[in-house]
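What follows is each chain in one-letter form.
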Amino acid sequence: MKEIGVLASGRGSNFQALIDAARSGYFPAAIARLITDNPEAYAIKRAKDAGIPVSVLDFGSFPDRGAYEKALKREMEASDPDLFVLAGYMRILPLAIVKAFPGRIMNIHPALLPSFPGLHAQRQTIEYGVKVSGCTVHFVDEGTDTGPIIIQRCIPVEDEDDEEALAARILVEEHRILTEAVRLFLGDKIRIVGRRVIIR
Ligand code: GRF
């Protein structure tokens, strides 16, 4: 059985979508571990309810970012699943971690990259005034939301939308494309060619 490791910092609805997909047999893998930087993350409760082991690396308890990142790398290497998924993990992974798992870390982002990377993507979307937004699953490289794109889905931005309303509609599609990307990856259907991801 293949294994997935998940990194999440908060609510964990994308993590829950992965739990449900694994449980229903949508993809043939077990979620081996949740790693979180936030001891208050609701994702921890979701993991416990599903019987998934949790590693809490409380960012605030480390002397500096470097010390946290070293501990995170150790933790990730110790569990060493087939794939890591960043499901609402709110920090940038350092190059050392990206290099340790080449082509084996995915992220979900609530905008059509390369537009609106970084934090508060839905707020940036509303403020800019674009008419179409969406979400992106991509492989993680050392940049901020810059890695090769696996799947994108479009969502129209309505005149009445505020940040919350738009975020809620995008989230529904996030859950779909994240689980779909994981299924393709685990089925060996994904090939990375330069910046392009070819799906067969
Ligand atoms: C999602 O919108 C995700 O794309 C972004 O942070 C949010 C996390 O939501 N990176 P959740 O924790 O998965 O519910």
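Predicted, not measured: the structure shown is a model, and the values here were computed from it.

Undergrad: Hey, could you run me through the overall build of the protein chain in this one?
TA: When helices and strands are counted, the protein chain shows six helices and nine strands. Along the three orthogonal principal directions, the C-alpha set of the protein chain runs to about 45 × 40 × 35 Å. Across the 200 residues in the protein chain, those meeting the buried criterion constitute 47%. Considering only contacts in the protein chain between residues 6 or more positions apart, those separated by 24 or more positions represent 61%. Roughly 9900 Å² of accessible area belongs to the protein chain as shown, and the carbon and sulfur atoms make up 52% of that amount. Taking the average place of the 25 positive charges on the side chains of the protein chain and the average place of its 27 negative ones, the gap between the two points comes to 7 Å.

Undergrad: Would you explain the pattern of salt bridges in this entry?
TA: Pairs can form between side chains of opposite charge whenever their charged atoms are close. As enumerated under the stated definition, the model contains eleven salt bridges in all. The salt bridge partner of Arg104 is Asp80, with a shortest N-O separation of 2.9 Å. You can see Arg104 sitting in the loop between helix 4 (95-100) and strand 5 (105-109) and its partner Asp80 sitting in the loop between helix 3 (65-79) and strand 4 (83-86), a full 24 residues away along the chain. Arg104 gets classed as partly exposed once you look at its relative accessible area, which sits at 23%. For Asp80, a relative accessible area of 43% translates into the label partly exposed. Sharing partners across several salt bridges, the network here consists of Arg153, Glu173, Arg176 and Glu180.

Undergrad: Hey, could you run me through the side chain of Ser55 in this one?
TA: The residue Ser55 is located in strand 3 (residues 54-56) in this model. Under the relative-accessibility criterion, Ser55 is labelled buried at 7%. Side chain to side chain, Ser55 and Glu75 meet in a polar contact 2.7 Å long. Beyond its immediate stretch of four places on either side in the chain, Ser55 contacts Arg33, Leu34, Ile35, Thr36 and Glu75.

Undergrad: What exactly am I supposed to notice about the packing of aromatic side chains here?
TA: Applying the stated rule across the entire model yields six aromatic pairs. Where Phe84 meets Phe101, the ring centres are 5.1 Å apart and the plane angle is 80°; that geometry is what we call edge-to-face. With Phe84 in strand 4 and Phe101 in the loop between helix 4 and strand 5, the pair connects residues that are 17 residues apart, well separated along the chain. By relative accessible area, Phe84 is classed as buried at 1%. Clustering of aromatic rings is evident, with ring pairs tying together Phe59, Phe62 and Tyr68. Stacked on the ring of Phe59, the Lys or Arg Arg91 has its end atom at 3.5 Å from the ring centre. The cationic tip of Arg91 hangs over the ring face of Tyr68; the distance from NZ or CZ to the ring centre is 5.9 Å.

Undergrad: Is there a simple way to explain the nonpolar core in this structure?
TA: What tends to happen in soluble globular proteins is that the nonpolar side chains get buried as a cluster. Ranked by size, the top nonpolar core spans 40 residues in total, and within it Phe15, Phe27, Met106, Ile150 and Val182 carry the most contacts. The leading source of residues in this core is helix 6 (residues 163-186), at nine residues. Within the second largest apolar cluster, 15 residues are counted, among which are Leu86, Tyr89, Phe101 and Ile105.

Undergrad: What is the right way to look at the state of the cysteines in this model?
TA: Any covalent bond linking the sulfur atoms of two cysteines counts as a disulfide. Under the defined criterion, the tally for this structure stands at zero disulfides. With no disulfide of its own, Cys135 lies closest to Cys154 among cysteine sulfurs, the gap being 9.0 Å.

Undergrad: Just to check I follow, could you spell out the site of the ligand for this structure?
TA: In the region of the ligand, the neighbouring residues are Arg11, Gly12, Ser13, Asn14, Gly88, Ile108, Pro110, Gln122 and Glu174. Between an oxygen atom of the ligand and a side-chain N or O atom of Arg11, the distance comes to 2.6 Å. Partitioned by chemical class, the residues of the shell around the ligand number two nonpolar, five polar and two charged.

Undergrad: It is not clear to me how helix 1 (residues 13-24) should be interpreted in this structure. Could you clarify?
TA: One full turn of an α-helix is made of 3.6 residues, so residues set three or four places apart face in the same direction. Its twelve residues place the ends of helix 1 16 Å apart at the C-alpha level, agreeing with the 16 Å of an ideal helix rising 1.5 Å per residue. Taken together, the buried positions of helix 1 are Ser13, Asn14, Phe15, Ala17, Leu18, Ile19, Ala21 and Ala22. Looking one or two residues past helix 1, Gly25 carries a phi angle of roughly 85°, positive in sign.

Parameters at a glance
Residues numbered from 1 in each chain as written. Predicted model: local features only at pLDDT ≥ 70, side-chain atom pairs only at ≥ 80, totals over all residues. Heavy atoms only, no water. Helix = DSSP H or I, 4+ residues; strand = E, 2+ residues; numbered from the N terminus. Buried < 20%, exposed > 50% of the residue type's maximum accessible area, 1.4 Å probe, protein only. Contact = heavy atoms within 4.5 Å. Areas by Shrake-Rupley, 256 points an atom, 1.4 Å probe, with all protein chains shown as cover. Lys, Arg positive; Asp, Glu negative; His and termini not counted. Charge placed at Lys NZ, Arg CZ, Asp CG, Glu CD. Salt bridge = Lys/Arg side-chain N within 4 Å of Asp/Glu carboxyl O. Polar contact = N/O pair within 3.5 Å; in protein donor to acceptor, adjacent residues only side chain to side chain. Phe/Tyr/Trp six-rings, centres within 6.5 Å; stacked < 30°, edge-to-face > 60°. Lys NZ or Arg CZ within 6 Å of the ring centre and 35° of its normal. Core = buried A, V, L, I, M, F, W, Y, C linked by side-chain atoms within 4.5 Å. Disulfide = S-S within 2.5 Å. Near = heavy atom within 4 Å. Nonpolar A, V, L, I, M, F, W, Y, C, P; charged D, E, K, R; others polar. Expected span 1.5 Å × (residues − 1).

From the geometry alone we can't say anything about function, so treat these as descriptive.
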